[in-house]
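Tertiary structure, described
Here is how the chains run, residue by residue.
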Amino acid sequence: MSSREFGDPEKEGEDDEEEEEEEEEESANPTEVKMSQIVMPCHSNHRQELSVGQLLKWIDSTACLSAERHAGSPCVTASMDDIHFEHTIRVGQVVNIKAKVNRAFNTSMEVGIQVSCEDLFTDRHWRVCHAYATFVTQRTNTGQKVILKPIVPHTQREQVEYSVAAERRRVRMVHDDIIKDLLSHGSIQQADSAAECDAVAAEKTKVESVELVLPPHANHQVNTFGGQIMAWMVNVATIAASRLCQAHPTLRTIDMFTFRGPSQVGDRLLLRAIVNNAFKTSIEVGVRAEAYQEEGPNRHINSAFMTFEVLDDHGKPRTLPRIRPEPLEGERRFQEAIARKKIRLDRKYIISRKQSEVPLSVPWDPRNQVYLSYNNVSALKMLAAKKTWRLSSEKDKVRLYTLEQKSMLSFRVEAEVDVPANRAFCLLAELSNRPSWDSHYHHCELIYPVDDDDFLYRVVTPSVHHGGVGSSNSARQAEGVLQDFILLASKRKPCGKGDPYVIALRSVSLPTHPPTEGYHRGEVLCAGFTILETENNMSLISYYNQASPEVLPYISTDIAGLSSSFYHTFCSCSWYLTKNRLQSTNSMQTGQNQDSNTDSPTFDSEADRLSSVLCSTQL
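Note that the coordinates shown come from a computational prediction; the quantities given were computed from them, not determined experimentally. (Residues numbered from 1 in each chain as written. Predicted model: local features only at pLDDT ≥ 70, side-chain atom pairs only at ≥ 80, totals over all residues. Heavy atoms only, no water.)

So, about the nonpolar core. In terms of nonpolar packing, the biggest core is built from 78 residues, with Met109, Ile113, Val285 and Met306 touching the most fellow members. Broken down by element, the residue count for this core peaks at 11 residues, all from helix 6 (residues 226–245). Counting 39 residues, the second-largest nonpolar core is a separate cluster that includes Tyr501, Ile503, Leu505 and Cys573. (Core = buried A, V, L, I, M, F, W, Y, C linked by side-chain atoms within 4.5 Å. Buried < 20%, exposed > 50% of the residue type's maximum accessible area, 1.4 Å probe, protein only. Helix = DSSP H or I, 4+ residues; strand = E, 2+ residues; numbered from the N terminus.)

Okay, structure coming up:
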């Protein structure tokens, strides 16, 4: 789901420098397949640029080879996530495509694809697009399903992709429902009837074309290449867009799509395209592909939505004509195009947001919930997968690790607890129970249960923003000032064997809960727990937090080994989990208020102050 902005390739190379250094250290992946192609005139369009349809063929072929290398059996393309084309490629330049399996599930697998361009004369390299495809294995001759062997990640980069693949799969499964939910909220605008007189009728952009599937269009299984189908769909979509703007458009984005069924040699492919909506500088074209034989009904193969732009002589997007939709079905497509654009903007804003940007909180509403949840869990998984954690201190097998990245310092507190992983997950995921073991949580209110896995909370804690660092009265001043957080808590059960339970926290902003007088509004970038099942029915519990620069001086005492407040806090958490190891959640909740005041461990004053900073300032 690439969502990067267009920009200068050299600047993007600088942005990706750290990622490239990681990749140079990676060992050879057995599923990795590379393809390099020099762009010839026969691959190009009228502007001497590589045809997107041709690029999709190469992408699909490379990804399929990677999937089959892992599966050891024939595979077919099931779906492709959003593809955002950041740059065009000219004749004479080299396209480098690299594909490898990120994660295998039961009978499907996610393949990550990276496409870059190389200029042979200037020795420049830049990224063109990054895509994720899902492939499924075909049944054997006896009708048996091929069960895939698991992927074993060996490098940090592979571990990150392996872990986040489960979140991407989750988003794919609810993709169609997102648009339905957005439309059901009634927030989509209607066509502007005042501008209809100057608008182009959508009927004028209709395109219909038939292609005969021949052996060169098929793979070794006699099925039509998914990339070939997409190339034909791009062709008719480009014609439809051209009829509206009366110019040569440039394809920028293909939305996530799913192949609904196979196509084989001998099929006729009926391709239909029409402009669904025209925005100020972009056009959405919908394309539908159906397959049929000489006899029999049409089979729906695929539908895709493509966004085009028209560039002026300076490479800037031009203003485009308005579209007048057809009645009924055209109105539906018109509104759905607006919904898809809203989703694209939300996704781009949330997923591509720089971690150093202020404010950290992203506005929450039901329409961007799926991507906020995805980003919340993915950020914690990526932080946990880092391999450069350093052990700062240890006491009674409770370990404190740190990770320094530019201006960001992250820490991890970790220990093994004699509680089953699923039980620890249930206890810690209920954030409103945290005051029963963390005395620095003054109040935790459930604002709204979004769904079974995501919840919105308001948390009130002491503040550390008053009093200078190292000031003897800073803790005393902080006692009278409270800060609050609006948190999205996302919980996930393991997707497969070896996966941890995840409880991720991040700040969001809610119109119904603005900052109030008397409270300092705090922000959490990335925090939460991972819980991994270990031997003898025990759990390895890890707490993560990305601390902003403003709190680094406060936690430096712990990191330098001059205090052990992290140890006391984790002991309190361990005590809470062990105490409720076998109790039902209901009975535990009933007695939590009395328990939190009578049985909690006693902290010394210095540890109490630092623990307050460590646990409440950034949660």
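With that out of the way, let us pick up the packing of helix 3 (residues 52–71) against helix 6. Following both chains from N to C, one finds helix 3 and helix 6 inclined at 165°, their axes separated by 8 Å at the closest point. Taken together, the axes of helix 3 and helix 6 are roughly antiparallel relative to one another. Here helix 3 and helix 6 pass one another in a crossing that is right-handed. Within the contact between the two elements, helix 3 uses Val52, Gly53, Leu56, Lys57 and Asp60 and helix 6 uses Gly226, Gly227, Gln228, Met230, Ala231 and Val234. A breakdown of the residues in the contact of helix 3 with helix 6 according to their chemical character gives five nonpolar, four polar and two charged. (Axes fitted to C-alpha atoms, helices over the stretch in contact; angles between N-to-C directions. Parallel < 35°, antiparallel > 145°, perpendicular 65-115°, else oblique. Left-handed = near helix turned anticlockwise from the far one by under 90°. Contact = heavy atoms within 4.5 Å. Nonpolar A, V, L, I, M, F, W, Y, C, P; charged D, E, K, R; others polar.)

Right, let's get into the pairing of strand 21 (residues 482–492). Within a regular beta strand, the side chains point alternately toward one face of the sheet and then the other, so they alternate between its two faces. Counting buried residues in strand 21 gives nine out of 11 residues, a clear majority hidden from the surface. Relative to strand 21, strand 20 (residues 454–462) runs antiparallel, the two sharing nine bridges. Counted as the bridge partner of Leu456 is Leu488 from strand 21. As judged from the three bridges shared by strand 21 and strand 23 (residues 519–521), these two strands associate in the parallel manner. Residue pairing in the sheet places Gln483 in a bridge with His520 of strand 23. Two strands pair when backbone bridges link them, and strand 21 and strand 22 (residues 501–509) are joined in this way by six bridges, in the antiparallel orientation. Within strand 22, the position partnered with Ser490 by the bridge is Ala504. (Pairing = 2+ DSSP bridges.)

Within the secondary structure, Lys280 sits in the loop between strand 11 (268–278) and strand 12 (283–292). Between the alpha carbons of Lys280 and Arg322 there is a distance of 8.0 Å; along the sequence they are 42 residues apart. In contact with Lys280, not counting residues within four places along its chain, are Arg318, Thr319 and Leu320.

The six strands lie next to each other as 3-9-13-12-11-8, forming an open sheet whose pairing is antiparallel. A single partner strand is all that each edge strand has here, and the edge strands are strand 3 (83–84) and strand 8 (207–212).

Burial analysis of strand 2 (residues 75–80) places five of its six residues in the buried class, which makes it a mostly covered element. Bridge analysis of strand 2 against strand 6 (residues 124–137) gives five bridges, and the strand direction is antiparallel. Residue pairing across strands places Val76 opposite Val136, the latter belonging to strand 6. Sheet analysis places strand 2 next to strand 10 (residues 257–258), joined by two bridges and oriented antiparallel. Within strand 10, the residue paired with Met80 across the bridge is Phe257.

As enumerated under the stated definition, the model contains 32 salt bridges in all. Across the salt bridge formed by Glu208 and Arg272, the nearest N and O atoms sit 3.3 Å from each other. Here the residue Glu208 occupies a position in strand 8, and Arg272 occupies one in strand 11, the gap between them amounting to 64 residues. For Glu208, a relative accessible area of 57% corresponds to the exposed category. Relative accessible area serves as the criterion here: at 35%, Arg272 is assigned to the partly exposed category. Overlapping salt bridges, with partners in common, bring together Asp81, Glu110, Glu161, Arg168 and Arg172 in one network. (Salt bridge = Lys/Arg side-chain N within 4 Å of Asp/Glu carboxyl O.)

Moving on to the packing of helix 4 (residues 156–173) against helix 8 (residues 369–385). It is the contact of helix 4 with helix 8, at a shortest axis distance of 9 Å, that shows an interaxial angle of 160°. Relative to helix 8, the element helix 4 is oriented roughly antiparallel. The two elements helix 4 and helix 8 meet at a crossing, and its hand is right-handed. In contact with Gln156, Gln159, Val160, Ser163, Val164, Ala166, Glu167, Arg168 and Val171 of helix 4, helix 8 contributes Val370, Tyr371, Ser373, Tyr374, Val377, Ser378, Lys381, Met382 and Ala385. Of the residues assigned to the contact of helix 4 with helix 8, the class counts are 10 nonpolar, five polar and three charged.

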